[in-house]
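What the coordinates show
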Amino acid sequence: MQAAPVRATAIPSFTTALRAVESLLMSSGQRTARRNAWTSVLEDRRRAKDRIETERVLGQTASGRS
């Protein structure tokens, strides 16, 4: 009598398992919302940087006139 063949299945890494669970739990709408939120954060940071730079330039211009 022959022994049953042994099936070798790879055990997924923790990261792989976590990503699989996340993909099951999150719908595409939630992923889109998260991506949009991050894009908004980056845009806010860019505007803040631009505002600070503008204030610096205007401050130099104002002090140069005095």
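Structure: above.
Every value quoted in this text rests on a predicted model; they were computed, and no experiment measured them.

1. Topic: the overall build of the protein chain
Across its full length, the protein chain holds two helices and zero strands. Buried positions account for 2% of the 66 residues belonging to the protein chain.

2. Regarding the pattern of salt bridges
In the structure shown here, the tally under the stated rule is six salt bridges. In this structure, the salt-bridge partner of arginine 46 is glutamate 43, at a minimum N-O distance of 2.5 Å. Here glutamate 43 and arginine 46 lie together in helix α2 (residues 28–65), a separation of three residues that amounts to about one turn. When its relative accessible area of 42% is taken as the criterion, arginine 46 is described as partly exposed. As a salt-bridge pair, glutamate 53 and arginine 56 come within 2.6 Å of each other at their nearest N and O atoms. Placement of both glutamate 53 and arginine 56 in helix α2 is noted, with a separation of three residues, approximately one turn of the helix. On the basis of relative accessibility, which here comes to 39%, the residue glutamate 53 falls in the partly exposed class. Residue arginine 56 is classed as partly exposed on the basis of its relative accessible area of 41%. Through salt bridges with shared partners, a single network forms among Glu43, Asp44, Arg46, Arg47 and Asp50.

3. Some words on a nonpolar patch on the surface
Where nonpolar side chains cluster on the molecular surface, the patch consists of Val21, Leu24 and Leu25 and spans about 360 Å² of accessible area. Tracing the backbone shows valine 21 in helix α1 (residues 14–25). Here valine 21 falls in the partly exposed class, since its relative accessible area comes to 45%.

Calculation notes
- Residues numbered from 1 in each chain as written.
- Predicted model: local features only at pLDDT ≥ 70, side-chain atom pairs only at ≥ 80, totals over all residues.
- Heavy atoms only, no water.
- Helix = DSSP H or I, 4+ residues; strand = E, 2+ residues; numbered from the N terminus.
- Buried < 20%, exposed > 50% of the residue type's maximum accessible area, 1.4 Å probe, protein only.
- Salt bridge = Lys/Arg side-chain N within 4 Å of Asp/Glu carboxyl O.
- Patch = residues over 30% accessible without salt bridge, like charges linked within 9 Å, V, L, I, M, F, W, Y side chains within 5 Å.
- Areas by Shrake-Rupley, 256 points an atom, 1.4 Å probe, with all protein chains shown as cover.

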